Amino acid sequence: MGVTDLMSMAKPNLESRNKILSRLRGKELVNCFQCLKCTSGCTALKLLELKPHEIVKLVNLGFVDELPSSDIIWTCVTCLKCVQRCPQKASPYHLIIALRNQAVEKEAKVPETYMKIVSSILETGLAETPQKIVTRKMETVDRECLKLPKVRPPKESFQACFMKAMEGKKC
Amino acid sequence: MTKIGVYVCHCGLNIAGVVDVENVVEYAKTLPDVVIARHYAYMCSEPGQRMIQEDIKAEKLDRVVIATCSPRMHEETFRGAIAETGLNAYLMEIVNLREHVAWAHTHEPEKATEKAKALVRMGVARAKFLEPLEKRSVAVEKSVLVVGGGIAGIQTSLDVANAGFKVYLVEKTPSIGGRMAQLDKTFPTLDCSACILTPRMVDVAKHCNITLLTNAEVMDVKGFVGNYEVSILKKPRYVDSKKCVGCELCTETCPVKIPDRFNESLTEKRAICIYSAHSVPKIAIINPEYCLRLKLKKNVCGKCQAVCEAGAVDFEQKPEIIQVKVGGIVLAVGSEVFDASSIAELSYGRSKNVISNIEFERICDAAGPTGGKIISPKDGKTPKTIVFIQCVGSRDKRFNEYCCRVGCMVTLKQAILANEKIHEPVSIYVCYSDMRAFGKGYDEFYTRAREMDIDFIAGIPSEIHSAADGSLYFDVYDKSTNKLLEIRPDLVVLGTGLVPNNDMAKISALFHASRSADGFFLEAHPKLRPLESAMGGVFLAGACQGPKDIPDTVAQASGAAAKVIDLLSSGQIELEPLKAVVDKEACSGCRICEAVCPFVAIQLKLEVVKGQEKLAAEVIEAMCQGCGLCGSACPTGAIKIEQYNNKQVLTQVKAALAEACAEGGK
Amino acid sequence: MLKVAVFWGCCIQSNQYAYEMSLRETFPHLGVELVDLNEAICCGDPVKSVNDFAADFLAIRVLALADQTGLENLLVPCNRCHFTISEARETMRNPKIAGKIEELLREEGLEYNPGIRVWHTIDMLHDLVGLEKLKKALKRPLKDVKVASHVGCQIIRYSDLGRVDDAENPQKLDDLIRALGAETVEYAEKLDCCGAALTRSHPDSALSLAGSKLKAVQALKVGGMVVSCPDCQLMFDAKQKNAGTTVGAKLSVPVVYYTQLLGLALGIDQDKLGLNLNQSPVDQLLSKISA
């Protein structure tokens, strides 16, 4: 390809791009004409500088290699406003989720918290197990004293199946 | 002895790139009754046609088979060429080797060639049984119905009337002028819209060849191209148009307020009023849904009648049905402005200071609800910050996918007008994705706007908020400067796009004019026949065929006029002879054909056949499209379609099923 | 009694006990019996960012577990679980993915039933139980109480998926609040996000988002804020103090679950509704109601 990004000397990687596009619900990402509605209304823009339109454009042009290892893809609040308002149904949110999945596959930077949750689910079935909490009057309570039923653990077969699912991919 | 000539066209590489044309020609030579077979690069060209003509003379051919592109392309051309030699034009058969072979089987050339040979074999077999036919002429009405009295309808009517034809111009609202009458100025010249429009409106009203029917709608259309019978409902104004002088005394006394449609409901009018600022005709009209006397059907109020010096008010006026005969119809019913209340996040309908571009236009107009003063509707004060937002309801898969074509230019115009009219300091912003200034003088107009201290923000906001005190605010990201801007406008003008007229479904059904996926009328061919609908004799002009600006509308309107004049000028139209024909003796009067015909082209009539009175089917030739439904449905076989009788069709079928290697020869 | 299966998810069963308590207490009064699934399991929402196939598997597995109850309706009180399950159902239209997931389910003797109707608290009350039935069951309708509703993000967006309420003008939670006799208020920040998704990876930003919204609600001078998602409650209620610090405001906004408010109007005891568990100053609101 005769294109180079002179800032980073990166070249478009169409294979990677097509891989990402195939993970999305539809191919509409390529229809984005940069109206900027997504970024204008992005909940994470002011605090974390997330610019959905920029990520979409980078992917459309094929400059995907830097994205999975970037921090920015983990700033999305998943409010879904961009999906709701995009006039071309390009959905930056779904793209960001696909990029996060790629980051995990490439073993790039992934916030610790996500992998911790996966371990918890594997072990207990839940992302977090029942905790003791404090009332407004500073008393400590738990499910038992609140007379809530015990939490039923998953079947034994669950762990193996979840592991298999984790090894699987959409496509 | 039948003598058939077979001509295989290369069509450049369209056919020859896939089909082995020489092979097909060699094969054709082996078929029965074929005396000569040739191939050529472009059969439709002059030398190609001449080649066929010379062979007809030299070989005394009495049938011709041309294996080429779809008959829809050049059937008429070849018929003309053959007729020139004295041979009947209908003794020619076209075999489609392009759309049906080369283009359908591009990746299988060997199989395609075999199919080409089979089709030629079928064509040759059928050609033997073709019969000579003649076109018939039918007289046409030299008058035209124009539906819609906006600038498109006005232009078409004047062109057709000036050419000497009678025009019936039907307009739904009480005045002609349409959208253009609602505009303050027009881009890119900033001409005063009313100033350039009203002379034409007056010309229409005064033209001896134009019958202007306002406050009227077409109810029914019968007949066929050249001979339409149209029923028009003239709704009552409850004012005698011969007596009313347009003094408007009645309006001043009327106690009932009604929404002012012409001013986009930004103000109110009275139940009796003149419809718009420059109404043609300038005759008052009473709205029966609001008028106390008409709504309650009681002898109340009547103030207008009391004050009218001309005695023009007539509460007893009845609707009139007017029947006219016309030869052609031009649909010029215009378009509607997108209702932005469906985009809830933009606060249109919730905040008074968020308005549409057509509402802004009315505010800008000196003859409008604010006398031309630009104000924020909420408090009536002059705005300090105005924002225009583009592509509202357009280029949007959630609403309308198409670009409205005029939105960018309308906004540029309105931004420039705001800048010129507001004398206090004012900030004007345009939030856009793309700026489409494609026409003559349009980009220069954009340059002018940029010179005028109007700021362009490359980004569209996601939503518009109202704070607790009702003031507006929103964020927009500008991709040029990479800045997130918060804007607090006093007035937001939404660049609402154009959508099909509200009555499109009804009009489409009435005139059998199909619509494209976007809801506008479908033209016969998007590139080469943009002014005609697929229905014969029905033409299209203006925004009803697709959103467009005034120059394009006027051009299209004159074009449609030329088309309809062309259709009617000779006073006759020629009818294709490939139609149904009824053997009245064999007809049993069962009416099945009448039931199946989609064109209302066959009717049962009481006739005397062989001395006996019976109910027999009769084909209305001008309506008949030769589809063949009646022929196949007829239980007694009384109906045949010319050139498609049983022998002709079954011979083709047999030839299709024969082996590829033919026997026999000359 | 209409029996419906209920899927709680992780958040409610691990710390948002007030939601679970108030739901278990109030629904029987409205003729709905809640039937727990055989397992407490994650819907897959946090796994989406790691492996969205595994996330879909988990969500569909929840539906398979619901199928085992033999019931037609499944209540999913958490916004995020509801969205995750709704999206997973759409994904099941892809035969390749559906095949892989169903194969994994079979290994556990589970089966996917696409016919189960999935509800959230809001639409189950608004559309299945209905406002009239709700009003009839009230023992102590609320009076002179004005609140701000916060419906959240993932049950109203994105419309194409078919959500619980309108994305730009959601009114069902407001209708439900009004059915109790209280008033609601429209405000510009109504659709703003609570920020919960960032609470572990970008805690300050999450608190900033929650704080900004609370500040806006505080300025409305209403009796409190009503939510119906455990993540939103976590941000606005449990983390209100920290959110206030982050945005530099002294926040004092009572935040309750709708079901807690419903319980009060049904005449149920405060402690049974978990009102002692709310960290925000709900006593301000409760005193208005009991008065």
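Residues numbered from 1 in each chain as written. Chains lettered and ligands numbered in written order. Predicted model: local features only at pLDDT ≥ 70, side-chain atom pairs only at ≥ 80, totals over all residues.

Points about the overall build of chain A
Step number 1: Along chain A, the regular secondary structure elements total eight helices and two strands.
Step number 2: Over its C-alpha atoms chain A spans a radius of gyration of 20 Å, topping by over 25% the 16 Å that the globule rule assigns to 171 residues.
Step number 3: For chain A, the proportion of contacts with a sequence separation of at least 24, taken over those separated by at least 6, is 65%. (Helix = DSSP H or I, 4+ residues; strand = E, 2+ residues; numbered from the N terminus. Rg over C-alpha atoms; globule rule 2.2 N^0.38 Å. Contact = placed C-beta atoms within 7 Å.)

Structural notes on the interface of chain C and chain A
Step number 1: At the junction of the two partners, chain C supplies 48 residues and chain A supplies 52 residues.
Step number 2: Residue assignment for the side of chain C that touches chain A shows that the elements contributing at least two residues are helix H1 (9–14), helix H2 (17–26), helix H3 (52–68), helix H5 (95–107) and helix H8 (203–219) of chain C.
Step number 3: In terms of residue class, the side of chain C that touches chain A is built from 22 nonpolar, 16 polar and 10 charged. (Nonpolar A, V, L, I, M, F, W, Y, C, P; charged D, E, K, R; others polar.)

Notes on the sheet that holds strand S12 (residues 227–234) of chain B
Residue and element names in this part refer to chain B.
Step number 1: Reading across from one edge, S11-S12-S17 is the order of the three strands in this open sheet, with antiparallel pairing throughout. The sheet is open, and its two borders are formed by strand S11 (216–224) and strand S17 (320–326), each paired with just one other strand. Sheet twist, expressed as the mean angle between neighbouring strand axes with direction ignored, is 20 degrees.
Step number 2: As paired elements, S11 and S12 share eight bridges and run antiparallel to each other. Opposite Asp220, over in S12, you have Ser231 as the bridge partner. (Pairing = 2+ DSSP bridges. Axes fitted to C-alpha atoms, helices over the stretch in contact; angles between N-to-C directions.)

Here's the deal with the environment of B:Pro547
Step number 1: In this fold, B:Pro547 is placed in the loop between strand S29 (538–540) and helix H15 (550–569).
Step number 2: The sequence separation of B:Pro547 and B:Arg529 amounts to 18 residues, and the corresponding C-alpha distance is 17 Å.

Structural notes on helix H7 (residues 172–179) of chain C
All names here are of chain C.
Step number 1: For H7, a buried count of six out of eight residues is recorded, marking the element as mostly surrounded by other parts of the structure.
Step number 2: What H7 keeps buried is the set Lys172, Leu173, Asp174, Leu176, Ile177 and Ala179.
Step number 3: In this structure, the buried residues of H7 make contact with helix H6 (121–137), strand S5 (146–150), strand S6 (183–184), strand S7 (224–227) and helix H11 (258–265). (Buried ≥ 20, exposed ≤ 12 C-beta atoms within 10 Å, placed from the backbone.)

Overview of the packing of H3(C) against H5(C)
Residue and element names in this part refer to chain C.
Step number 1: Interaxial distance between H3 and H5 falls to 10 Å at its minimum, and their mutual angle equals 60 degrees. Overall, the two elements H3 and H5 adopt an arrangement that is oblique. Where H3 crosses over H5, the two elements pack in a sense that is right-handed. Contact residues: H3 offers Asp56, Phe57, Ile60, Arg61 and Ala64, while H5 offers Ile97, Ile101, Leu104 and Leu105.
Step number 2: Of the residues assigned to the contact of H3 with H5, the class counts are seven nonpolar, no polar and two charged. (Parallel < 35°, antiparallel > 145°, perpendicular 65-115°, else oblique. Left-handed = near helix turned anticlockwise from the far one by under 90°.)

Some remarks on the domain arrangement of chain A
Many authors give the size of an interface as the accessible area that is lost as the parts come together.
Step number 1: Parsing chain A into structural domains produces domain 1 (14–105) and domain 2 (112–161).
Step number 2: Each of domain 1 of chain A and domain 2 of chain A was reduced to a C-alpha centroid, and the two centroids are 33 Å apart. (Domains from an automatic or database assignment.)

Comments concerning unusual backbone geometry
Step number 1: With omega at -5 degrees, the peptide bond leading from B:Phe187 into B:Pro188 counts as cis.
Step number 2: By the element assignment, B:Pro188 lies in the loop between strand S8 (185–186) and strand S9 (191–192).
Step number 3: Between B:Val280 and the following residue, B:Pro281, the backbone shows a cis peptide bond with an omega angle of 0 degrees.
Step number 4: By the secondary structure assignment, B:Pro281 is in the loop between strand S15 (272–273) and strand S16 (285–286).
Step number 5: For A:Met9, which is not glycine, the phi torsion reads 60 degrees and is therefore positive.

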